[in-house]
Amino acid sequence: ALRVLFAPDPHPRPRLRPIYGRRIDATDVQLATDVCVLPNDAYKRLFPDGGDPTGQSIYVGSRRYLIVGVLTEPKRGFLNQNFGGGGISIPWPTFVRNYVHGDTIFAARFVTPDAKSIPQLEVQVIQKLRELRGGAAGLEYQTFDKSVATGAINGIFNVMTLIVALIGAVSLLVAGIG
C-alpha cells in the first residue's frame, strides 16, 4: 500500500534530487495533472528489477498517475530526516479534484523548502480546507512538524533521565552510601 503525499510547492522534498525524470513542476500544479513522483523506497518496491520508470503508469485505487520522476534515497542517520516515509507525491490541485468529495481527510503532508514559510503555508492550507468544506463549524485542524516530534523525543529522554536518577538514588540508599 502506498500513501499519497501532496505537493503544493513545485519543489517537494527539496533535498532529494531526482535519479530519474523530474520533480513536480509549476505547470503540473497549475494544470492539476495526473502525474506523480516516487520516493526511492516506493520505487524499489514497485520496480524491484530497477530501470527508469518515467513514462509508465501506476494506479492508486482506480486513479492512474504517470510517473515523471524518482527521488534519490534519503540520508539515513540517528534520526531519519524523512519523517513519514514513502508515499507518492502528486500535485495538490490533483488531490483536491480526485479525492476531496466530502470525505474526511485524516492526514496530509506538505513539504516546503523554507521553514520560515511554514506558518504561512499552514494558514493557506487551513483556509483552503475550510473553503472546500463550505466553512463548516466544528472542523479540527492540527499541525505536526519536526519540532513537535523533537519536543516529544526530548520529553521521553527527560523522563528516562529522571527514572535513572531515581534508581541511582534508591541504589545508593539501599547500599548505605547515601
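1. Some thoughts on the overall build of the protein chain
Now for step 1: Each helix and strand in the protein chain was counted, giving five helices and six strands.
Now for step 2: Secondary structure elements in the protein chain, listed N-terminal to C-terminal, are β-β-α-β-α-β-β-β-α-α-α.
Now for step 3: Scored against the burial criterion, the 178 residues of the protein chain give a buried share of 29%.
Now for step 4: Once local pairs closer than 6 in sequence are excluded, the contacts in the protein chain between residues at least 24 apart make up 70%.
Now for step 5: Summed over its atoms, the accessible surface of the protein chain is roughly 11,500 Å², and 59% of this surface lies on carbon and sulfur atoms.

2. Some thoughts on helix 4 (residues 118–132)
Now for step 1: For helix 4, built from 15 residues, the straight-helix expectation of 21 Å at 1.5 Å per residue is met to within 8% by its first-to-last C-alpha distance of 21 Å.
Now for step 2: Where helix 4 is buried, its residues contact helix 3 (92–99).

3. Some points on the packing of aromatic side chains
Now for step 1: Throughout the structure, instances matching the rule amount to three aromatic pairs.
Now for step 2: Ring geometry for Y20 versus Y43: centroids 5.8 Å apart, planes at 55 degrees, classification tilted. With Y20 in strand 2 (residues 18–21) and Y43 in helix 2 (residues 40–46), this pair connects stretches of sequence that are 23 residues apart.
Now for step 3: Looking at Y20, the relative accessible area reads 24%, which means it is partly exposed.
Now for step 4: Grouped by ring-pair contacts, the aromatic residues Y20, Y43 and F47 constitute a single cluster.

4. Points about the environment of S89
Now for step 1: Tracing the chain through its elements places S89 in strand 6 (residues 87–91).
Now for step 2: For the pair formed by S89 and L38, sequence separation is 51 residues and the distance between their alpha carbons is 6.6 Å.

5. Thoughts on the nonpolar core
Now for step 1: Within the largest apolar cluster, 18 residues are counted, with the highest numbers of intra-cluster contacts made by C36, L38, I58, Y65 and I88.
Now for step 2: Those elements that place two or more of their residues in this core are strand 3 (35–38), strand 4 (57–60), strand 5 (63–71), strand 6, helix 3 and helix 4.
Now for step 3: Once you skip the residues sitting within four places of it in the chain, C36 turns out to touch I58, Y65, L66, I67, V68, G69, I88, S89 and I90.
Now for step 4: Of all hydrophobic cores here, the second largest spans seven residues; its members include L16, I24, V37 and V68.

6. Some details on the side chain of N98
Now for step 1: For N98, the position within the fold is in helix 3.
Now for step 2: The class of N98 is buried, set by a relative accessible area of 7%.
Now for step 3: Within the local environment of N98, its side chain forms a polar contact with the side chain of Y65, the two groups lying 3.2 Å apart.
Now for step 4: Looking at N98, its side chain comes within polar contact range of the side chain of R97, at 3.0 Å.
Now for step 5: Residue contacts for N98: discarding those within four places in its chain leaves D34, R63 and Y65.

Calculation notes
Residues numbered from 1 in each chain as written. Predicted model: local features only at pLDDT ≥ 70, side-chain atom pairs only at ≥ 80, totals over all residues. Heavy atoms only, no water. Helix = DSSP H or I, 4+ residues; strand = E, 2+ residues; numbered from the N terminus. Buried < 20%, exposed > 50% of the residue type's maximum accessible area, 1.4 Å probe, protein only. Contact = heavy atoms within 4.5 Å. Areas by Shrake-Rupley, 256 points an atom, 1.4 Å probe, with all protein chains shown as cover. Expected span 1.5 Å × (residues − 1). Phe/Tyr/Trp six-rings, centres within 6.5 Å; stacked < 30°, edge-to-face > 60°. Core = buried A, V, L, I, M, F, W, Y, C linked by side-chain atoms within 4.5 Å. Polar contact = N/O pair within 3.5 Å; in protein donor to acceptor, adjacent residues only side chain to side chain.

Purely geometric stuff here, so don't read any function into it on its own.
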